[in-house]
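Structural overview for review
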Amino acid sequence: MTATPDISVIIPSHDRWHTLPRALDSVLAQQLQPLEVIVVDDGSSDDTAALMAEHYPSVRLLQQKNQGVSAARNSGIKVSKGRWIALLDSDDVWHPEKLERQREQLIAEPVYRLCHCDEIWIRNGVRVNPKRRHQKTGGWVFEQCLPLCAISPSAALIRRDVFEDIGFFDPELPACEDYDFWLRLTHREPVLYIEEALLNKYGGHEDQLSRAHWGMDRFRIQVLLKLLAQDLLSREQRDAALTTLEQKLGVYMAGANKRGRTEETEQLQQAFVAVDDRRPAP
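So, here's what we can say about the structure. (Residues numbered from 1 in each chain as written. Predicted model: local features only at pLDDT ≥ 70, side-chain atom pairs only at ≥ 80, totals over all residues. Heavy atoms only, no water.)

**Brief notes about the state of the cysteines**
A full pass over the atoms with the stated rule returns 0 disulfides. Cys117 supplies the cysteine sulfur nearest to Cys115, a cysteine that is in no disulfide, at a spacing of 7.0 Å. Residue Cys176 stays outside any disulfide, its sulfur separated by 7.9 Å from that of Cys149, the closest cysteine. The exposure class of Cys176 is buried, given its relative accessible area of 5%. (Disulfide = S-S within 2.5 Å. Buried < 20%, exposed > 50% of the residue type's maximum accessible area, 1.4 Å probe, protein only.)

In structure tokens:
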């Protein structure tokens, strides 16, 4: 990174006027100010536009019809100017030193194209401790990213050419779009990690995306099937992905069968057999 800040901040928002000011204030309070801040209003029906015009006139507001968080992030990234993209969810809050600490680390280790950090979890107003399986790290983290999303979008600072190389967030995924993006990145290269909590990640509220969709693993299964079908992984990565997919399918299909969705389970089983090359051909 150069001595001049070259960071674009992208904040997707849908009917989040009640949390958006908290997120924006944390950006404007950064010790290292970004090049620009872009809020992508994804078809809100609340007072987001009026709020932005009255209280945040220096922040660019990009409005579009409701298309989901992936499309909103993608729209913001495509119109941004910075060499580095910092994502922030509209219900999260950065600590004042977040961008500065990441910039310092990336200057010291310029080989990396993604830097993420630790975070503080707050659920329903109470701080909670993440479980061991949520522990974050750096380096080659593909296998760590397989069970669940191991990088938070709000913690990530991404060099623009990453999107040129692997594409944008998948708008066809209503959830787990970040899981998909991190897998596409981490099978190719290592990531930089700052073992310091530089943001507050809020959860438990009624409009949280993960609450809008039941059975989140069905989207992870979809992502894994797509990734395996593309034949981009090393043999070791592929074996790990197949093992994870088999585990997730076993749990999900057991639940689906109990609910009488036998056609769905048969389709999933066929899709798995189509990508599973660990067993010798008959």
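**A word on the packing of helix 8 (residues 217-229) against helix 9 (residues 235-258)**
Two elements in contact, helix 8 and helix 9, have axes whose closest approach is 10 Å; the angle formed by their N-to-C orientations is 145°. Note on packing geometry: the crossing formed by helix 8 with helix 9 is left-handed. From helix 8, Asp217, Arg218, Arg220, Ile221, Leu224, Leu225 and Leu228 reach across to helix 9, where they touch Arg238, Ala241, Leu242, Thr244, Leu245, Lys248, Leu249 and Tyr252. Of the residues that constitute the contact of helix 8 with helix 9, the class distribution is 9 nonpolar, 1 polar and 5 charged. (Axes fitted to C-alpha atoms, helices over the stretch in contact; angles between N-to-C directions. Helix = DSSP H or I, 4+ residues; strand = E, 2+ residues; numbered from the N terminus. Left-handed = near helix turned anticlockwise from the far one by under 90°. Contact = heavy atoms within 4.5 Å. Nonpolar A, V, L, I, M, F, W, Y, C, P; charged D, E, K, R; others polar.)

**Quick word on the nonpolar core**
Membership of the largest hydrophobic core comes to 49 residues, with the highest contact counts inside it found for Ile158, Phe181, Trp182, Leu183 and Leu245. Once residues lying within four places of it in the same chain are set aside, the contact partners of Ile158 are Arg83, Trp84, Ile85, Leu87, Arg113, Leu114, Phe163, Phe181 and Trp182. Judged by nonpolar contacts, the second largest core, of 29 residues, contains Met52, Tyr56, Leu157 and Leu192. (Core = buried A, V, L, I, M, F, W, Y, C linked by side-chain atoms within 4.5 Å.)

**What about the pattern of salt bridges?**
If the charged atoms of two oppositely charged side chains come close together, the side chains can form a pair. By the definition in use, this model includes 23 salt bridges. Here Asp180 makes a salt bridge to Arg184, at a shortest N to O gap of 3.0 Å. Here Arg184 and Asp180 lie together in helix 7 (residues 177-186), a separation of 4 residues that amounts to about one turn. Each member of the pair Asp180 and Arg184 is classed as buried. Residue Asp277 is joined to Arg235 by a salt bridge in which the shortest nitrogen-to-oxygen separation is 3.0 Å. On the criterion of sequence distance, the pair formed by Asp277 in the segment after helix 10 (262-275) and Arg235 in helix 9 is long-range, its members being 42 residues apart. Relative accessible area serves as the criterion here: at 42%, Arg235 is assigned to the partly exposed category. Taken together, the shared-partner salt bridges in this structure form one network comprising Arg113, Arg159, Asp161, Asp165 and Glu189. (Salt bridge = Lys/Arg side-chain N within 4 Å of Asp/Glu carboxyl O.)

**Describing the packing of aromatic side chains**
Two aromatic rings, taken as a pair, are described by how far apart their centres are and by the angle between their planes. A full pass over the atoms with the stated rule returns 6 aromatic pairs. Taken together, a centroid distance of 6.5 Å and an interplanar angle of 50° make the contact between Phe163 and Phe169 tilted. With respect to burial, Phe163 and Phe169 carry one shared label: buried. Taken together, the ring pairs in this structure connect Phe163, Phe168, Phe169, Phe181 and Trp182 into an aromatic cluster. (Phe/Tyr/Trp six-rings, centres within 6.5 Å; stacked < 30°, edge-to-face > 60°.)

**With respect to the pairing of strand 4 (residues 84-87)**
The alternating pattern of strand 4 places Trp84 and Ala86 and Ile85 and Leu87 on opposite faces, both of which are buried. Alignment of strand 1 (residues 7-13) against strand 4, held across 4 bridges, turns out to be parallel. Among the inter-strand pairings, Ile7 is bridged to a residue of strand 4, identified as Trp84. Relative to strand 8 (residues 157-159), strand 4 runs antiparallel, the two being bridged by 3 bridges. Each bridged residue has a counterpart across the sheet, and for Ile85 the counterpart in strand 8 is Ile158. (Pairing = 2+ DSSP bridges.)

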